[in-house]
Structure formats: C-alpha cells, structure tokens
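One letter stands for each residue in the lines below.
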Amino acid sequence: QVQLVESGGGLVQAGGSLRLSCAASGRTFSMYAMGWFRQAPGKEREFVVGITWSVDSTLYADSVKGRFTISRDNAKNTVYLQMNSLKPEDTAVYYCAATKDYRAFIKHEYDYWGQGTQVTVSS
C-alpha cells in the first residue's frame, strides 16, 4: 500500500500563489509517478499534472500550463505543486495521487489517492 497526505491548501485572492505538498509513505518503492487532480463543486475530478519519479517527465493539463509547476524531493518522498496566477476557476479540492504503472501515468489513471486539500481562490 501507498499512503498519501496532502497539505498546503487555503484561501487566496485571484492572482496570488499557493504551494501544495504531498508526502508518500508505505510501499513507495513501487511508485512510478505522482501527480495532482482536482474536483470543483458540481464537476467531476480532472487531471492537473503528473511527474515521474525516476526521470524528469511531466504532463500538464492545458488549463494550468505556465501557471502551475510540479516538483519532487526524492529523499523525502514528497511532491509539490506551486500554483501561481491563481484564478477563481482554480477553486477545487486538490487530490494527490500515485501510480505504479507507466501506462497509467500516460492515461491519467492512478492507483492511490490522498484525502484532498481545499483551495479557494476569491475574486
């Protein structure tokens, strides 16, 4: 099993910045990639960004390219999501996720999930 714990959510004004973190524990040796999804009120969960663990490969949703940046700290088994130029439409619960499979990484089909952290962007 892999356990994921998110932190760093909060309330910010439009144009502001926020940094989320996700710490992984358990069978982390099996992870191929980690990433972030989000779910806004009344909408389905959507993919935001993913990063592989052993190489510098990333995938970004078009809606966040140029504004969000994912990074990782291998020693701490932690990934981060730096969110800049936040917009009200970024308001959502953000979920950390992990996958053990390359195919899942490409298709945004992840295996493990955190409990989520709320991000609210006011206008």
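Residues numbered from 1 in each chain as written. Predicted model: local features only at pLDDT ≥ 70, side-chain atom pairs only at ≥ 80, totals over all residues. Heavy atoms only, no water.

J.: Sorry if this is basic, but what is going on with the environment of Val 119 here?
T.: Take Val 119: it is sitting in strand 11 (residues 117-122). In this structure the C-alpha to C-alpha distance between Val 119 and Gly 9, which are 110 residues apart in sequence, comes to 5.0 Å. (Helix = DSSP H or I, 4+ residues; strand = E, 2+ residues; numbered from the N terminus.)

J.: In this structure, what is going on with the pairing of strand 9 (residues 92-99)? I would like to understand it.
T.: Side-chain positions along a regular strand alternate between the two faces of the sheet. The buried fraction of strand 9 is high, at 7 of 8 residues. Pairing geometry for strand 4 (residues 33-39) and strand 9, over 7 bridges, is antiparallel. Looking across to strand 9, one finds that Ala 33 is bridged to Thr 99. One ladder, built from 3 bridges, connects strand 9 with strand 11; its direction is antiparallel. Within strand 11, the position partnered with Ala 92 by the bridge is Val 119. Sheet analysis places strand 9 next to strand 10 (residues 112-113), joined by 2 bridges and oriented antiparallel. When the sheet's bridge partners are listed, Ala 97 is paired in strand 10 with Trp 113. (Buried < 20%, exposed > 50% of the residue type's maximum accessible area, 1.4 Å probe, protein only. Pairing = 2+ DSSP bridges.)

J.: Please clarify how the pattern of salt bridges should be interpreted in this entry.
T.: Pairing of side chains with opposite charge becomes possible as their charged atoms draw close. Enumeration according to the criterion identifies 5 salt bridges in this entry. Asp 62 is the partner of Lys 65 in a salt bridge, and the nearest nitrogen-oxygen pair spans 3.2 Å. Note on Asp 62: relative accessible area 65%, which makes it exposed. We note a salt bridge from Arg 67 to Asp 90, for which the minimum N-O separation is 2.7 Å. Separated by 23 residues along the polypeptide, Arg 67 in the loop between strand 6 (58-60) and strand 7 (68-73) and Asp 90 in the loop between strand 8 (78-83) and strand 9 bring together distant segments of the chain. Each member of the salt-bridge network shares a partner with another, and the members are Arg 38, Glu 46, Arg 67 and Asp 90. (Salt bridge = Lys/Arg side-chain N within 4 Å of Asp/Glu carboxyl O.)

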